[in-house]
Amino acid sequence: MTMTDIQLPSNASLSKFSDGTELAKELAHAVGELLREVLANQKDASLTVSGGRSPILFFEYLSRQRLDWSRVRIYLADERCVPIQDLESNEGLVRRHLLKGFAASARFFGLYEPCGSHGKAAVRADRALSGLSHIDVLILGMGDDGHTASLFPKSPNLTEALCPDGAKRCLPMLAPDDPKQRLTMSFSMLRTASRVILSIQGANKLATLQEAVGGASVDDMPVRAFLAHPMQIYWCP
Ligand SMILES: O=C(O)[C@H](O)[C@@H](O)[C@H](O)[C@H](O)COP(=O)(O)O
């Protein structure tokens, strides 16, 4: 499949990079620019990032961006219900690879704290997000199944989590692979983002994007919910 094969909606743009290093550098530069632009017009900026394996290099480069990080609030689009020390923890990932260098002075708001049950952890996170009225910059990833954040096809609560006007900011979700218990920002929370970048790597995800663009069911591929909104897509082989 060549890059020109994908017919994106008019509100989406696709940028191709030679490899993961170039993508990470360019994405970090672009996010740095976006945050500086927000901070030129607002007293602070909210950045919401996704976890997984591919953002690590992006986080490292983003931490080297020179801006007033003390005015940036960093949130997670989703989290695995594991201790921070667990290598699967997105909070652990952000603390190791992003909250350092110039970005060390940013304020970070984690999603997961052990509190008795998956449902209680989600209620706590939902309350903790009550101070987040809107997202200035949102970085999403995508799985081969078309999930984004932890909005997984077939997960319990998916219908509520995808409701555009849903009351909840965070819900408990189940991933098909371990750790299954996840917390995710809801679509109604994520859709407040003024600037959305989807960052994906590899041929499989390009094929998934093609499938997502070519279909309509958001339940089957939750990433579709975001394709109706302005979005930049960063991709490398
Ligand atoms: O916690 C997570 O796993 C992410 O938020 C998730 O939505 C991720 O972005 C995709 O699963 C892609 O993950 P990779 O970057 O590891 O392929």
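This text goes with the structure placed above it.
Residue numbering note: each chain is counted from 1, following its sequence as written. For a predicted model such as this one, the threshold for reporting local features is a pLDDT of at least 70, and the threshold for listing and counting side-chain atom pairs is 80 or more; totals across whole chains, interfaces and linings nevertheless cover every residue. To obtain the side-chain values, all non-hydrogen atoms of the structure were included, while hydrogens and water were left out.

Chemist: Just to check I follow, could you spell out the pairing of strand β9 (residues 195-201) for this structure?
Modeler: Working note: regular strand, side chains alternate between the two faces of the sheet. Among the 7 residues that make up β9, 5 are buried, leaving the element largely enclosed by the rest of the structure. Strands were regarded as paired on the criterion that DSSP finds at least two bridges between them. Strands here are runs of E lasting at least two residues and helices are runs of H or I lasting at least four, both read from the DSSP assignment and numbered beginning at the N terminus. Where β9 and strand β10 (residues 231-236) come together, 5 bridges link them in parallel fashion. Within β10, the residue paired with Ile-200 across the bridge is Trp-235. When a residue's accessible area, from a 1.4 Å probe over protein chains only, is under 20% of the maximum for its type it is buried; when over 50% it is exposed; and in between it is partly exposed.

Chemist: It is not clear to me how the packing of helix α1 (residues 20-39) against helix α2 (residues 55-62) should be interpreted in this structure. Could you clarify?
Modeler: The description of two helices packed together rests on the angle between their axes and the distance between the axes. Every angle, taken between N-to-C directions, lies between 0 and 180 degrees, and every axis is a line fitted to C-alpha atoms, over only the stretch in contact when it is a helix. The contact between α1 and α2 brings their axes to 8 Å, and the two run at 45°. Viewed along their axes, α1 and α2 adopt a mutual orientation that is oblique. Helix-helix and strand crossings are classified by hand; for α1 and α2 the assignment is right-handed. Residues Gly-20, Thr-21, Ala-24, Lys-25, Leu-27, Ala-28, Val-31 and Gly-32 of α1 lie in contact with α2, whose contacting residues are Leu-57, Phe-58, Tyr-61 and Leu-62. By the convention adopted, Pro, Cys, Tyr, Trp, Phe, Met, Ile, Leu, Val and Ala count as nonpolar, Lys, Arg, Asp and Glu as charged, and the other residues, Gly among them, as polar. Across the contact of α1 with α2, the residue classes tally to 8 nonpolar, 3 polar and 1 charged. Any angle that falls under 35 degrees is termed roughly parallel, while one over 145 is termed roughly antiparallel, one within 65 to 115 roughly perpendicular, and all others oblique. Whether a crossing is left-handed or right-handed is set by the direction in which the near helix is turned from the far one by less than a right angle, anticlockwise for left-handed and clockwise for right-handed. What makes two residues a contact is simply this: any of their non-hydrogen atoms within 4.5 Å.

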